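# Secondary and tertiary structure notes
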Amino acid sequence: MDRSDRPKFEYYKYLTDLFNKYPFHTLSPTNESSSGLCMKNNDGLYLFYVPGNSYATHVHFDEPNGTKVDETWLNTLTGEYKKNGVHVFRRWKEYRTPWKGVSFVLILEVKK
């Protein structure tokens, strides 16, 4: 079987790693982005899944202006995490993926 035709079982490993790294049992669905799906908890954790046909998402959550947010990306095809560091959040912010044409998870953690 050609390698490109083989099942991509490593995707399950990447998702398992994501589920183990963050407390999914505390997350609830919310509508706080312009594209993709968002889940959040009451501790300032936001996870945004955005499909590969989008290059960005616009986040508009109810944290006050000036809140510090830690930004991390997950490439769902390779399992690579990319940390973009802590920045100051404004009420409406565009986040552009570091990978074009790939579904990604944007992880935002409010620093208290």
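The structure under discussion appears in the preceding block.
A brief structural summary. (Residues numbered from 1 in each chain as written. Predicted model: local features only at pLDDT ≥ 70, side-chain atom pairs only at ≥ 80, totals over all residues. Heavy atoms only, no water.)

It is worth spelling out the overall build of the chain at this point. Summing up its helical and strand segments, the chain has 1 helix and 8 strands in all. Tracing the chain from N to C terminus, the helices and strands come up as α-β-β-β-β-β-β-β-β. At 15 Å, the chain has a C-alpha radius of gyration in line with the 13 Å of a compact globule built from 112 residues. Its C-alpha atoms give the chain principal-axis dimensions of about 55 × 30 × 25 Å. Burial status across the chain gives 40% buried among its 112 residues. Expressed as a percentage of contacts within the chain between residues at least 6 apart in sequence, the contacts between residues at least 24 apart total 59%. (Helix = DSSP H or I, 4+ residues; strand = E, 2+ residues; numbered from the N terminus. Rg over C-alpha atoms; globule rule 2.2 N^0.38 Å. Buried < 20%, exposed > 50% of the residue type's maximum accessible area, 1.4 Å probe, protein only. Contact = heavy atoms within 4.5 Å.)

The next subject is the sheet that holds strand β3 (residues 45–50). Note on sheets: strands pair through backbone hydrogen bonds, and any given pair is parallel or antiparallel. Taken in spatial order, the 6 strands line up as β1-β2-β3-β8-β5-β6 in an open sheet, and their pairing is antiparallel. Lying at the two open borders of the sheet, with one neighbouring strand each, are β1 (28–30) and β6 (81–88). Direction aside, neighbouring strands of the sheet carry axes that sit 25 degrees apart on average. As defined by bridge partners, strand β5 (residues 68–75) adjoins strand β8 (residues 104–111) across 8 bridges and the pair is classed as antiparallel. Looking at the pairing, Asn75 lines up with Phe104 of β8. (Pairing = 2+ DSSP bridges. Axes fitted to C-alpha atoms, helices over the stretch in contact; angles between N-to-C directions.)

Bringing the nonpolar core into the picture now. With 16 residues, the main nonpolar core has Tyr46, Phe48, Val59, Phe61, Tyr95, Leu106 and Leu108 as its most contacted residues. Listing elements by their share of this core, those giving two or more residues are β3, β5 and β8. No other element matches β8, which puts 4 residues into this core. Residues contacting Leu108, with those up to four places away along its chain left out, are Gly44, Leu45, Tyr46, Phe48, Val59, Phe61, Val69, Asp70, Glu71 and Tyr95. In this structure, Tyr22, Leu45, Val105 and Ile107 belong to the second largest nonpolar core, which totals 8 residues. (Core = buried A, V, L, I, M, F, W, Y, C linked by side-chain atoms within 4.5 Å.)

Attention now goes to the pattern of salt bridges. It is possible for side chains bearing opposite charge to pair when their charged atoms get close. In this structure the tally under the stated criterion is 4 salt bridges. Put simply, Asp17 and Lys13 hold a salt bridge, and the shortest N to O gap is 2.9 Å. Of this pair, Asp17 and Lys13 both sit in helix α1 (residues 10–21), 4 residues apart, which is roughly one turn of that helix. A residue is classified by how much of its surface remains accessible, and Asp17, at 32% relative accessible area, is partly exposed. Its salt-bridge partner being Arg96, residue Glu94 comes within 2.9 Å of it at the nearest N-O pair. Residue Glu94 is classed as partly exposed on the basis of its relative accessible area of 30%. Residues joined by salt bridges that share partners form a network here, namely Asp70, Lys83 and Lys111. (Salt bridge = Lys/Arg side-chain N within 4 Å of Asp/Glu carboxyl O.)

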